[in-house]
Amino acid sequence: MNAATDRQWAIRDAVLRWLLAKVTEGYRSPILDPDVIGETVGWAPSPLTRDEVADASNYLYREGYVTGVPVMGIGIPRPMLTVAGRRVAEAGRSLRPANRDHSVEVGIAT
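Residues numbered from 1 in each chain as written. Predicted model: local features only at pLDDT ≥ 70, side-chain atom pairs only at ≥ 80, totals over all residues. Heavy atoms only, no water.

(A) Spotlight on the environment of Gly85. In this structure, Gly85 sits in helix α4 (residues 83-91). When its relative accessible area of 0% is taken as the criterion, Gly85 is described as buried. Residues Gly85 and Leu19 lie 66 residues apart in sequence; the distance between their C-alpha atoms is 9.1 Å. Not counting residues within four places of it along the chain, the set of residues in contact with Gly85 comprises Leu16 and Tyr65. (Helix = DSSP H or I, 4+ residues; strand = E, 2+ residues; numbered from the N terminus. Buried < 20%, exposed > 50% of the residue type's maximum accessible area, 1.4 Å probe, protein only. Contact = heavy atoms within 4.5 Å.)

(B) Geometry of the packing of aromatic side chains. What the rule picks out here adds up to one aromatic pair. Consider the rings of Trp9 and Tyr59, whose centres lie 5.5 Å apart with planes at 80°: the pair is edge-to-face. Of this pair, Trp9 sits in helix α1 (residues 3-24) while Tyr59 sits in helix α3 (residues 50-62), and the two are 50 residues apart along the sequence. Judged by relative accessible area, Trp9 falls into the buried class, the value being 13%. Sitting over the face of the ring of Trp9, Arg12 holds its NZ or CZ atom 4.5 Å from the ring centroid. Its guanidinium or amino end placed over the ring of Tyr59, Arg12 lies 3.7 Å from that ring's centre, counting from NZ or CZ. (Phe/Tyr/Trp six-rings, centres within 6.5 Å; stacked < 30°, edge-to-face > 60°. Lys NZ or Arg CZ within 6 Å of the ring centre and 35° of its normal.)

Shown next, in the form of structure tokens:
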């Protein structure tokens, strides 16, 4: 995988952790804000962008980890954790598939 893909998965995980933190604080449907997300989860790499966070929220929505109303170009502006999303976030697991070796899929012998 490349650095952009690694970052994408890390952002998805960060948004999910942020949502769990906000729910724990009593905010059921917080406003999606890259700066607040980064600050809450201790994001160290280059700052999160609105587009990255929007893409992450859309992914979480498609996969059933959050619910909300999708808005084009914004993602899910006020996402809410689903039971499945809360389970993953509480377990501290990454959303990234465990098998990251895609060489078999493209026919490359390893």
